Amino acid sequence: MLHWIDQFLASYGLIVVYFGVIIEGDSILLAAGFLAHQGILDPIGVFLAAFAGSLTGDQALYYIGRYARDSRLVKRQSARPAFTRVLDLIKRHRVLFILSFRFIYGVRTISPIAIGIAGVPPLLYTVLNVIAAATWAALITTIGYVFGRLIEEYSGRLHGFEHKLLIAVAIGAVSLVILHFGRGALLKRQDRSAAPKD
């Protein structure tokens, strides 16, 4: 079974990274960065796949927001509580927001849609999106790669594909849990600050 996974990752690992960052960016890319350090994936390939996945995914959502406002996806996302706050941030700091929304967990799906709805010109969004996607892909890949180096410094060189794979899965799962609870705490704090005071 593990031998099959090893062969699968060798052949299709970068495709998994490409689609994985569209679905769940940070945790997938942290795990891929770790696997790159372990020699299972090519680090440059991981960066390029993550960059391409992040860029194309967000470009598609931007054009859906811009030209398909009546679609079910846009209506569902625009009904989320954070959508109004995102639109407000775009109006006040659109360049800074476009460059940084990938690093704000919980608004990565709604942000490109909101940017399209807000009427940001396609050329401006595309240029900023390229810069932001490259920066995000390089940073998160590097963090995952450094995790691999730190783990080996404290526990010794990892041997066996199964150990490397288990640690990669653990890195992805732990980061996903941390991001999920961090988002929940942030939303609760924002709700408390927005609540009317007696």
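Only a predicted model underlies this, so the values are computations on that prediction, with no experimental measurement involved. (Residues numbered from 1 in each chain as written. Predicted model: local features only at pLDDT ≥ 70, side-chain atom pairs only at ≥ 80, totals over all residues. Heavy atoms only, no water.)

Looking at the packing of aromatic side chains
- Applying the stated criterion across every chain, the model contains six aromatic pairs.
- For the pair tyrosine 63 and tyrosine 67, a centre-to-centre distance of 6.0 Å together with 5° between the ring planes defines the contact as stacked. Of this pair, tyrosine 63 and tyrosine 67 both sit in helix H3 (residues 43–67), four residues apart, roughly one helical turn.
- An aromatic cluster is present here, built from Tyr62, Tyr63, Tyr67 and Tyr125 joined pairwise through their rings.
- Geometry around tryptophan 136 places arginine 108 over its ring, the cationic atom sitting 4.7 Å from the centre. (Phe/Tyr/Trp six-rings, centres within 6.5 Å; stacked < 30°, edge-to-face > 60°. Helix = DSSP H or I, 4+ residues; strand = E, 2+ residues; numbered from the N terminus. Lys NZ or Arg CZ within 6 Å of the ring centre and 35° of its normal.)

Comments concerning helix H6 (residues 110–117)
- For H6, the buried fraction is high: seven of the eight residues fall into the buried class.
- Taken together, the buried positions of H6 are occupied by Ile110, Ser111, Pro112, Ile113, Ala114, Ile115 and Gly116. (Buried < 20%, exposed > 50% of the residue type's maximum accessible area, 1.4 Å probe, protein only.)

Details of a nonpolar patch on the surface
- Residues Tyr12, Ile15, Val16, Phe19, Ile22 and Ile23 make up a contiguous nonpolar surface patch of about 600 Å² in total accessible area.
- Checked against the element boundaries, isoleucine 15 lands in helix H1 (residues 2–23).
- We classify isoleucine 15 as partly exposed; its relative accessible area is 44%. (Patch = residues over 30% accessible without salt bridge, like charges linked within 9 Å, V, L, I, M, F, W, Y side chains within 5 Å. Areas by Shrake-Rupley, 256 points an atom, 1.4 Å probe, with all protein chains shown as cover. Salt bridge = Lys/Arg side-chain N within 4 Å of Asp/Glu carboxyl O.)

Notes on the side chain of serine 111
- Looking at the secondary structure, you find serine 111 in helix H6.
- For serine 111, a relative accessible area of 0% gives the class buried.
- What serine 111 contacts, discounting residues up to four positions off in sequence, is Val86, Ile90, Phe97 and Phe101. (Contact = heavy atoms within 4.5 Å.)

Topic: the pattern of salt bridges
- Using the criterion set out here, one finds three salt bridges in the structure.
- Notably, a salt bridge pairs aspartate 26 with arginine 108, separated by 3.8 Å at the nearest N-O pair. Remark: arginine 108 occurs in the loop between helix H5 (82–100) and H6 and aspartate 26 occurs in helix H2 (residues 25–37); sequence separation between them is 82 residues. Side by side, aspartate 26 and arginine 108 carry an identical accessibility label, which is buried.
- Of the charged contacts in the structure, one is a salt bridge between arginine 92 and aspartate 88, with a shortest N-O distance of 2.9 Å. Taken together, the residues span about one helical turn, with arginine 92 and aspartate 88 both in helix H5 at a distance of four residues.
- According to the relative accessible area criterion, aspartate 88 is partly exposed, its value standing at 36%.

What to know about the packing of H5 against H6
- With their axes 9 Å apart at the nearest point, H5 and H6 run at an angle of 75° to one another. Here H5 is positioned roughly perpendicular relative to H6, judged by the angle of their axes. When H5 is examined against H6, the residues Ala82, Phe83, Val86, Leu87, Ile90, Phe97 and Ile98 are found in contact with a partner set consisting of Ile110, Ser111, Ile113, Ala114, Ile115 and Ile117.
- The residue makeup of the contact of H5 with H6, split by class, is 12 nonpolar, one polar and no charged. (Axes fitted to C-alpha atoms, helices over the stretch in contact; angles between N-to-C directions. Parallel < 35°, antiparallel > 145°, perpendicular 65-115°, else oblique. Nonpolar A, V, L, I, M, F, W, Y, C, P; charged D, E, K, R; others polar.)

Side note on the side chain of aspartate 58
- As for its position among the elements, aspartate 58 is in helix H3.
- Taking relative accessible area as the criterion, aspartate 58 reaches 7% and is therefore assigned buried.
- Side-chain polar atoms of aspartate 58 contact the side chain of arginine 102, separated by 3.0 Å.
- Beyond its immediate sequence surroundings of up to four residues, aspartate 58 is in contact with Phe101, Arg102, Arg108, Pro112, Tyr125 and Asn129. (Polar contact = N/O pair within 3.5 Å; in protein donor to acceptor, adjacent residues only side chain to side chain.)

Thoughts on H5
- Along its 19 residues, H5 runs just 16 Å from first to last C-alpha, ending more than 12% under the 27 Å computed at 1.5 Å per residue.
- Listed in full, the buried residues belonging to H5 are Ala82, Phe83, Val86, Leu87, Ile90, Phe97 and Ile98. (Expected span 1.5 Å × (residues − 1).)

Details of the confidence of the model for the protein chain
- Mean pLDDT over the protein chain stands at 81; residues scoring 70 or higher make up 73%.
- Within the protein chain, helix H8 (residues 161–194) has the poorest average pLDDT of any element, 57, and H3 the best, 95.
- For the stretch residues 193–198, pLDDT sits under 50, and the model shows zero contacts to residues farther than four places along the chain or on other chains. (pLDDT = per-residue confidence, 0-100.)

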